[in-house]
Each structure stands twice: as C-alpha cells, then as structure tokens.
Amino acid sequence: MLAVDYQTKLEQLLHSMDWNIEIPVEWSDYFTQTGNLSIYTDDQRHNQRLKIRTCGAMWFEKSIPIRPRATLPVGVYTRDFSRHGAGFLSSCEIYPEELVRIVLPTFWMQLKVTRTRRLNKKCYEVGAVLLTQHDPDVDAFCSSSPQTRSMA
C-alpha cells in the first residue's frame, strides 16, 4: 500500500512542478542514453557508474549560510549512479557541502553535493556523495524527515 501512495504522490508532484532545466542542444539524446559509462584509462574511480535517466524531485535539506533555499521541491534529471554517489542536472546552481533529498520513482536518497558545473544559464551538472538511500516511503515527501535531523 505504501508503494502505491509513494508512486501516486511522486507522479502528482512531478506533474505539478515547473521544469526550468534547459538541457544543452547537443544533448538532444539525453534520455535515450543508458547503461555503463565509458571507462577512461586514467579514471581513478573505484566503483562503476551507470547512466540512468529519469525525473525526480529535490529538496534542500541543509544549505550554506550565505545561500538560503526555498522549501519547495525543485525538478531534477538524474544523470548517473555509482555505489557511493549520484550525478544529476538541476536548473539552479547547488554548492558543495549542501545536503539535498531526491525522490525518484523506485527509491529516495539523501546526498551531499561535492561539485557543480554550469552547462548553460538553466542547467547545472551536479555530483554528490550518497549519504543514505531509502525504499519508497511517504516520509520522502515530508519537509523534514527523521533522517534529515540526524544528518545535520
């Protein structure tokens, strides 16, 4: 029953949000790309990354002091996942050390941002370290979950 409530709530939320992300023109096939990322000879990563492209809702759980954030969710597009991190696209700049919660169709997670790169005025590529991953649960939509309070 919870999974149905989670899916319904996520779908309603995703349809109600303003989607301001402008994916670069040269990435016109963004949502068709899936699978393993190319391996480079000088890549120092210990865990394989997978391209998984979907929509999600993101909340700021802890912002940096000079940049207060709104409590409303922001739409994001996932980019890739590894065992210990995730990459996603956002319409706004997110700073290293900020904590975010991203709700996706099959799970939700809490992340610590480590890097951001501007692709254009409405598209930022964000890399983050996975803090916690959760099964579908309506707690994902609460403004402050118990896991958030323990992260701060």
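Here's a quick rundown of the structure. Predicted model, so just to flag it, every value in this text is computed and none were measured. (Residues numbered from 1 in each chain as written. Predicted model: local features only at pLDDT ≥ 70, side-chain atom pairs only at ≥ 80, totals over all residues. Heavy atoms only, no water.)

One pass over the full model with this rule turns up five aromatic pairs. Consider the rings of tryptophan 19 and tyrosine 77, whose centres lie 5.4 Å apart with planes at 5°: the pair is stacked. With a gap of 58 residues between them, tryptophan 19 in the loop between helix H1 (2-16) and strand E1 (35-36) and tyrosine 77 in strand E4 (residues 74-81) connect regions that are remote in the sequence. Judged by relative accessible area, tyrosine 77 falls into the buried class, the value being 11%. With a centroid separation of 6.3 Å and 80° between ring planes, the pair formed by tryptophan 59 and phenylalanine 141 is classed as edge-to-face. Placement of the pair is tryptophan 59 in strand E3 (residues 55-62) and phenylalanine 141 in the loop between strand E8 (123-134) and helix H2 (146-151), with a sequence separation of 82 residues. (Phe/Tyr/Trp six-rings, centres within 6.5 Å; stacked < 30°, edge-to-face > 60°. Helix = DSSP H or I, 4+ residues; strand = E, 2+ residues; numbered from the N terminus. Buried < 20%, exposed > 50% of the residue type's maximum accessible area, 1.4 Å probe, protein only.)

Here threonine 106 lies in the loop between strand E6 (99-103) and strand E7 (108-120). Between the alpha carbons of threonine 106 and aspartate 135 there is a distance of 7.3 Å; along the sequence they are 29 residues apart. What threonine 106 contacts, discounting residues up to four positions off in sequence, is Gln7 and Pro136. (Contact = heavy atoms within 4.5 Å.)

Turning to the nonpolar core, a few remarks are in order. Counting 18 residues, the largest nonpolar core has Met58, Phe88, Ile94, Val100, Ile102, Met109 and Leu111 as the members making the most contacts within it. Elements with a minimum of two residues in this core: E3, E4, strand E5 (85-90), E6, E7 and E8. Excluding residues that lie within four positions of it along the chain, methionine 58 makes contacts with Leu72, Pro73, Val74, Val76, Phe88, Ser90, Ile94, Val100, Arg101 and Ile102. Grouped together as the second largest cluster of nonpolar side chains are 11 residues, Tyr6, Leu10, Ala57 and Val103 included. (Core = buried A, V, L, I, M, F, W, Y, C linked by side-chain atoms within 4.5 Å.)

With that settled, the discussion passes to the pairing of E4. In terms of burial, E4 is largely enclosed, as eight of its eight residues are buried. With two bridges joining them, strand E2 (residues 50-51) and E4 adopt antiparallel strand pairing. The partner of lysine 51 across the bridge, within E4, is aspartate 80. Note that E3 and E4 share four bridges and pair antiparallel. Bridge pairing in E4 places alanine 57 opposite glycine 75. Here E4 runs beside E5; their pairing, made up of five bridges, is antiparallel. Along E5, the bridge assignment pairs phenylalanine 81 with alanine 86. (Pairing = 2+ DSSP bridges.)

Here we come to unusual backbone geometry. Phi angles above zero are rare outside glycine, and glutamate 97 is one such case at about 85°. Looking at where glutamate 97 falls in the secondary structure, it is placed in the loop between E5 and E6.

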